[in-house]
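# What the coordinates show
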Amino acid sequence: MATKREQTVTGQTIPVDDRLPTPVDAEILTVNDVARWLRCSKKFVYALVERREIQHYKISNQLRFSRSELTKWLQKHGVAILEGDRAVV
């Protein structure tokens, strides 16, 4: 669970969540981002990488993924992708 804090911005105090959400329109994703987006475990994402089933890139020993390439992969495998409140296949 995220730690709740408060931050003062332009004189207003607002709650701050320590978790950084993935921007909906981010093109480059991390393993955590992919797992959240696909609603699966990080272990499953690593297994897909190990089996070379999904396109990925290594940057300084860290995995990165292209959202557009993952979208194509999902469509190729007949998986519905949620865009807002509707599914796109």
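No experiment lies behind these values; they were computed from the predicted model shown.

Quick look at the sheet that holds strand S5 (residues 62–66) now. If you walk across this open sheet you meet the three strands as S3-S5-S4, and the pairing is antiparallel. The open sheet has two free edges, formed respectively by strand S3 (28–29) and strand S4 (57–59), since each of these has just one partner strand. In this sheet, S5 lies alongside S3 in antiparallel orientation, the contact comprising two bridges. Opposite Ile28, over in S5, you have Ser66 as the bridge partner.

For the structure on display, the rule yields zero aromatic pairs. The ring centre of Trp37 lies 4.6 Å from the NZ or CZ of Arg67, which sits over that ring.

Here we come to helix H2 (residues 42–50). Taken as a whole, H2 has its buried residues at Val45, Leu48 and Val49. The buried residues of H2 all sit within an arc of 100 degrees when viewed along its axis, so they share a single face. Opposite the buried face of H2, by more than 90 degrees, sit the exposed residues Lys43 and Glu50. At its buried positions, H2 is contacted by helix H1 (31–38), S5 and helix H3 (67–76). Arg52 occupies a position one or two residues after H2 and carries a positive phi of about 55 degrees.

Further remarks concern the environment of Tyr46. For Tyr46, the position within the fold is in helix H2. By relative accessible area, Tyr46 is classed as partly exposed at 43%. Along the backbone, Tyr46 and Leu63 are 17 residues apart, and their C-alpha atoms lie at a distance of 9.2 Å. Not counting residues up to four positions away in its chain, the partners in contact with Tyr46 are Val31 and Leu63.

Glancing now at the nonpolar core. Core analysis: the biggest nonpolar cluster contains 14 residues, and Leu29, Val34, Val45, Ile54, Phe65 and Leu70 have the highest contact counts within it. Of all elements in the fold, only H1, H2, S5 and H3 reach the threshold of two or more residues within this core.

Along H1, the positions that sit buried rather than exposed are Val31, Asp33, Val34 and Ala35. Those residues of H1 hidden inside the fold are in contact with S3, H2, S5 and H3. Count one or two residues on from H1 and you reach Arg39, which has phi positive near 55 degrees.

Calculation rules
- Residues numbered from 1 in each chain as written.
- Predicted model: local features only at pLDDT ≥ 70, side-chain atom pairs only at ≥ 80, totals over all residues.
- Heavy atoms only, no water.
- Pairing = 2+ DSSP bridges.
- Helix = DSSP H or I, 4+ residues; strand = E, 2+ residues; numbered from the N terminus.
- Phe/Tyr/Trp six-rings, centres within 6.5 Å; stacked < 30°, edge-to-face > 60°.
- Lys NZ or Arg CZ within 6 Å of the ring centre and 35° of its normal.
- Buried < 20%, exposed > 50% of the residue type's maximum accessible area, 1.4 Å probe, protein only.
- Arc of directions from axis to C-beta.
- Contact = heavy atoms within 4.5 Å.
- Core = buried A, V, L, I, M, F, W, Y, C linked by side-chain atoms within 4.5 Å.

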